[in-house]
Amino acid sequence: RKEVEQDPGPFNVPEGATVAFNCTYSNSASQSFFWYRQDCRKEPKLLMSVYSSGNEDGRFTAQLNRASQYISLLIRDSKLSDSATYLCVVNAYSRNSGNTPLVFGKGTRLSVIA
Amino acid sequence: GAGVSQSPSNKVTEKGKDVELRCDPISGHTALYWYRQSLGQGLEFLIYFQGNSAPDKSGLPSDRFSAERTGGSVSTLTIQRTQQEDSAVYLCASSLVGQGSAGGRSYEQYFGPGTRLTVT
């Protein structure tokens with residue numbers, strides 16, 4: 001199983017739709033989870049951290065399911081400006097070394113259509 | 001406040017030449033990371049600095065690649081004898097605290113705009 005797996009998409013959705021992405025991770029010891037957004041030919045930008053209790057920021061909701069080792073991102077009322085690639089990011093915590101490198105998924109492409 | 005800055009934004013070089021890429025992290029961030037991203041591909045980790053030392057160089061693809069960080073701030077990534085397969089966007093990121101410093105948790109990384117390297 002890859003460390004972080006995402007459906008590459010593309011997800012093509014109309015404006016106003018609700019869309020959800022899932023991401024699975026292999027390291028059960030992982031403790032930090034993030035969603036980043038990357039626009040075409042731009043750098044990744046932090047969208048939101050994902051907390052155990054789940055968290056919401058406006059139209060965006062992130063959830064963590066530790067038992068099944070996946071995180072999700074829900075976007076409500078999609079806007080044209082939401083078109084981007086969404087990167088799932090998980091830390092590959094090693095209890096032996098104490099290291100906590102971040103592992104970036106390859107991303108899911110979202111295209112919101114008028 | 002100022003974010004991560006990188007220079008140059010674009011670099012075109014001939015095969016076989018050396019190049020130096022620069023990264024200026026967010027002030028106060030102790031950890032610095034280099035990644036590269038080829039067109040349409042995911043991020044490839046290159047090297048991680050904690051302060052001026054590099055505890056993880058595992059992603060450097062060959063001994064033509066090296067990096068240093070001085071004064072706990074600016075970092076340079078050097079590629080010697082560039083090859084066409086080195087063409088990519090080189091991204092730098094910084095975070096407040098480095099790996100292994102937060103009890104198993106990780107701090108967010110903030111990225112610079114990248115340097116687009118083209119080797120002809």
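None of the values given here were measured: they were computed from a predicted structure.

Draft legend 1. Representation of the overall build of chain A within the structure. Per the secondary structure count, chain A includes zero helices and 11 strands. The N-to-C order of helical and strand elements in chain A reads β-β-β-β-β-β-β-β-β-β-β. Here the C-alpha radius of gyration of chain A, 14 Å, is about what a compact globule of 114 residues would show, namely 13 Å. Expressed along its principal axes, the backbone C-alpha trace of chain A runs to roughly 50 × 30 × 20 Å. Within the span of chain A, comprising 114 residues, buried residues form 48% of the whole. Look at the contacts in chain A between residues 6 or more apart in sequence, and 59% of them connect residues 24 or more apart.

Draft legend 2. Highlighting the interface of chain A and chain B. Chain A puts 19 residues into the contact, and the matching count from chain B is 19 residues. Of the roughly 1700 Å² buried between chain A and chain B on both sides combined, carbon and sulfur atoms contribute 51%. Inspection of the region where chain A meets chain B yields zero salt bridges. Elements with a minimum of two residues in the side of chain A that touches chain B: strand E4 (33-38), strand E5 (44-49) and strand E10 (102-104) of chain A. When the residues that make up the side of chain A that touches chain B are grouped by side-chain class, the tally is eight nonpolar, eight polar and three charged.

Draft legend 3. Examining the confidence of the model for chain A more closely. When pLDDT is averaged along chain A, the result is 93, and 97% of the positions lie at 70 or above. Averaged over each element, pLDDT in chain A is lowest for E10 of chain A (92) and highest for strand E11 (residues 108-113) of chain A (98).

Draft legend 4. Focus on the sheet that holds strand E3 (residues 19-24) of chain B. Residues and elements named next belong to chain B. The strand order across the open sheet built from four strands is E1-E3-E8-E7, with neighbouring strands paired in antiparallel fashion. Two strands lie at the open edges of the sheet, namely strand E1 (5-7) and strand E7 (65-69), each paired on one side alone. In this sheet, adjacent strand axes meet at a mean angle of 15 degrees when their direction is disregarded.

Draft legend 5. Inspection of the pairing of E11 of chain A at higher detail. Residues and elements named next belong to chain A. On E11, burial follows the alternation: Thr108, Leu110 and Val112 on one face are buried, whereas Arg109, Ser111 and Ile113 on the facing-out side are not. Strand direction decides the pairing type here: strand E2 (residues 11-14) and E11, joined by four bridges, are parallel. What sits directly across from proline 14, in E11, is isoleucine 113. As defined by bridge partners, strand E9 (residues 84-91) adjoins E11 across three bridges and the pair is classed as antiparallel. Bridge pairing in E11 links tyrosine 86 to threonine 108.

How each quantity is defined
- Residues numbered from 1 in each chain as written.
- Chains lettered and ligands numbered in written order.
- Predicted model: local features only at pLDDT ≥ 70, side-chain atom pairs only at ≥ 80, totals over all residues.
- Heavy atoms only, no water.
- Helix = DSSP H or I, 4+ residues; strand = E, 2+ residues; numbered from the N terminus.
- Rg over C-alpha atoms; globule rule 2.2 N^0.38 Å.
- Buried < 20%, exposed > 50% of the residue type's maximum accessible area, 1.4 Å probe, protein only.
- Contact = heavy atoms within 4.5 Å.
- Buried area = accessible area lost by both parts, 1.4 Å probe.
- Salt bridge = Lys/Arg side-chain N within 4 Å of Asp/Glu carboxyl O.
- Nonpolar A, V, L, I, M, F, W, Y, C, P; charged D, E, K, R; others polar.
- pLDDT = per-residue confidence, 0-100.
- Pairing = 2+ DSSP bridges.
- Axes fitted to C-alpha atoms, helices over the stretch in contact; angles between N-to-C directions.

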